[in-house]
Amino acid sequence: MKKFLAMILVMVLALSACSLDSPTKEKEAGKTDKANKDITVGVSLSTLNNPFFVSIKDAIEKESKANDFKVKVVDAQDDSAKQSNDIDDLIQQKVDYLIVNPTDSAAISAAVENANNENIPVITLDRSVDKGEVTQFIASNNVEGGQMAGDFIVKQVGKKAKVAELEGVPGASATRERGEGFHKVADKELDVVTKQTAKFNRAEGLNVAQNMIESHPEIKAIFAHNDEMALGAIEALGNKDILVVGFDGNDDAIKSIENKKLDATIAQQPALMGETAVKSILELKDGKKVDKEVKVPLKLVEQK
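Residues numbered from 1 in each chain as written. Predicted model: local features only at pLDDT ≥ 70, side-chain atom pairs only at ≥ 80, totals over all residues. Heavy atoms only, no water.

### Looking at the sheet that holds strand 11 (residues 293-296)
Here is step 1 of the chain: Across the sheet, which stays open at both edges, the six strands sit in the order 2-1-3-4-5-11 with parallel pairing between neighbours. Edge positions in the open sheet fall to strand 2 (70-75) and strand 11, since each of these has one partner strand only. Going from strand to strand, the sheet's axes swing by 15° on average, the running direction of each strand aside.
Here is step 2 of the chain: Bridging between strand 4 (residues 122-125) and strand 5 (residues 136-140) involves three bridges; their strand directions are parallel. Residue Thr-124 lies in a different strand from strand 5, and its bridge partner there is Phe-137. (Pairing = 2+ DSSP bridges. Helix = DSSP H or I, 4+ residues; strand = E, 2+ residues; numbered from the N terminus. Axes fitted to C-alpha atoms, helices over the stretch in contact; angles between N-to-C directions.)

### Looking at the environment of Lys-37
Here is step 1 of the chain: Along the polypeptide, Lys-37 turns up in the loop between helix 1 (2-29) and strand 1 (40-45).
Here is step 2 of the chain: Taking the C-alpha atoms as reference points, Lys-37 and Phe-69, separated by 32 residues in sequence, lie 5.3 Å from one another.
Here is step 3 of the chain: In contact with Lys-37, not counting residues within four places along its chain, are Asp-68 and Lys-70. (Contact = heavy atoms within 4.5 Å.)

### Comments concerning unusual backbone geometry
Here is step 1 of the chain: A positive phi angle, close to 70°, is found at Asp-68, a residue other than glycine.
Here is step 2 of the chain: Residue position: Asp-68 is located in the loop between helix 2 (51-66) and strand 2.
Here is step 3 of the chain: The phi angle at Lys-160 is positive, at roughly 70°, despite the residue not being glycine.
Here is step 4 of the chain: Relative to the elements of secondary structure, Lys-160 occurs in the loop between helix 5 (142-157) and strand 6 (162-167).

### Here's the deal with helix 6 (residues 173-189)
Here is step 1 of the chain: The end-to-end C-alpha distance of helix 6 is 24 Å, a good match for the 24 Å that 17 residues give at a rise of 1.5 Å each.
Here is step 2 of the chain: Residue His-183 marks the point of greatest curvature in helix 6, where the axis turns by about 35°.
Here is step 3 of the chain: Buried residues of helix 6: Ser-173, Ala-174, Thr-175, Glu-177, Arg-178, Gly-179, Gly-181, Phe-182, His-183, Val-185 and Ala-186, and no others. (Expected span 1.5 Å × (residues − 1). Bend = angle between axes of the 7 residues up to and from the residue. Buried < 20%, exposed > 50% of the residue type's maximum accessible area, 1.4 Å probe, protein only.)

### What to know about the pattern of salt bridges
Here is step 1 of the chain: Under the criterion given, the structure shown has 17 salt bridges.
Here is step 2 of the chain: Between Asp-38 and Lys-37 there is a salt bridge, with the nearest N and O atoms lying 3.6 Å from each other.
Here is step 3 of the chain: Given a relative accessible area of 36%, Asp-38 falls into the partly exposed group.
Here is step 4 of the chain: A salt bridge links Asp-248 to Arg-178, with the nearest nitrogen and oxygen atoms 3.7 Å apart. Taken together, the residues span a long stretch of sequence, with Asp-248 in strand 9 (residues 243-248) and Arg-178 in helix 6 at a distance of 70 residues. (Salt bridge = Lys/Arg side-chain N within 4 Å of Asp/Glu carboxyl O.)

### Digging into the sheet that holds strand 6
Through backbone hydrogen bonds, the strands of a sheet pair up, either in parallel or in antiparallel fashion.
Here is step 1 of the chain: Spatial strand order, 7-6-8-9-10-12: six strands in an open sheet with mixed pairing. Looking at the sheet topology across the chains shown, the edges are occupied by strand 7 (191-197) and strand 12 (299-302). The mean angle between the axes of side-by-side strands here comes to 20°, regardless of whether they run parallel or antiparallel.
Here is step 2 of the chain: Helix 5 rests against strand 6, strand 8 (221-224), strand 9, strand 10 (264-267) and strand 12 of the sheet, and its axis sits at about 165° to strand 9.
Here is step 3 of the chain: Packing of helix 7 (residues 202-215) onto the sheet brings it into contact with strand 6 and strand 7, and relative to strand 6 it is tilted by some 155°.

### Concerning the packing of helix 2 against helix 10 (residues 270-285)
Here is step 1 of the chain: Relative orientation of the contacting elements helix 2 and helix 10 amounts to 35°, with a least axis distance of 7 Å. For the pair helix 2 and helix 10, the sense of crossing is right-handed. Touching Phe-52, Ser-55, Ile-56, Ala-59, Ile-60, Glu-63 and Ser-64 of helix 2 are Pro-270, Ala-271, Met-273, Gly-274, Glu-275, Val-278 and Lys-279, all from helix 10. (Left-handed = near helix turned anticlockwise from the far one by under 90°.)

### Description of empty space enclosed by the protein
Here is step 1 of the chain: Here the structure, examined in full by the defined rule, presents one cavity of 30 Å³ or more.
Here is step 2 of the chain: What lines the largest cavity is simply Asn-50, Phe-52, Phe-53, Asp-126, Arg-127, Arg-178, Phe-200, Asn-226 and Asp-248.
Here is step 3 of the chain: In terms of residue class, the lining of the largest cavity is built from three nonpolar, two polar and four charged. (1 Å grid on protein atoms, 1.4 Å probe; cavity = no way out; pocket = protein on both sides within 12 Å on 5 of 7 lines; lining within 4 Å. Points joined across faces, edges and corners; volume = space filled by probe spheres on them. Nonpolar A, V, L, I, M, F, W, Y, C, P; charged D, E, K, R; others polar.)

### A few points about the packing of helix 3 (residues 80-92) against helix 4 (residues 109-117)
Here is step 1 of the chain: Running from N to C, helix 3 and helix 4 point in directions that differ by 10°, and their axes come no closer than 9 Å. Between helix 3 and helix 4, the interaxial angle falls into the category roughly parallel. Residue-level inspection shows Ser-84, Ile-87, Asp-88 and Ile-91 of helix 3 in contact with helix 4, the latter providing Ala-111, Asn-114 and Ala-115.
Here is step 2 of the chain: Grouping the amino acids of the contact of helix 3 with helix 4 by side-chain chemistry returns four nonpolar, two polar and one charged. (Parallel < 35°, antiparallel > 145°, perpendicular 65-115°, else oblique.)

Written out as structure tokens, the structure is:
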């Protein structure tokens, strides 16, 4: 009799576990019966003091409006602590989905895990996170882009030329990956005499590039991990004949290339990233699976 009762208890517990498991999985997948007009998308961007991320924001808002989603956008101002607090606030406001462009891939991990605990799907753009469950990561192939920049510089200034590197925000996956790709070429074909962070910022790019040029007047080229730093470096050049290559393809960089100032940029498609994120949310709400990783194509834009 005791064995029989024990078996019944095990079966009840198993059935209870199954009944609880199913809705949790549905929530984790992002499936919802809510009407589009009742869905709120939380968006946390690393900074809106950069045209690249403004393009992402505009595309998210445009695509969300077309699908009747509500959107709440917060600007981390390149402060990882602020971004973590912003995301926690969005979670408290019970957003249905989160789109995050991390300031720091490690520092933002805890906030992503908090979203996971509330079964809020997280989509990351341009930069990944080190920990936490991400439903989809949308970005360019930053390693490939860094290699493209390195190859272009070798072609323009020759092998073993002395060059400098303006690095992005320390800890950001884009910084690591663009640097990795660049050094796959540079460590064999070029002589990187100096590298330093300018935190993806134009003003810092100007100041750091000035110091680099003063300390190493022999440099023939500068690779900047984004266009904002590259545009700052252009201001630092004066009349010096130094090649400058950026990364992003933002409007200011394209205009600078057309005006024969910036030499080249590895152009991303930020609007396509934002649009893709919202389209993925449409898939998730209907219970459909989305690709874990989406790579958005890059192209080299140079002076003609």
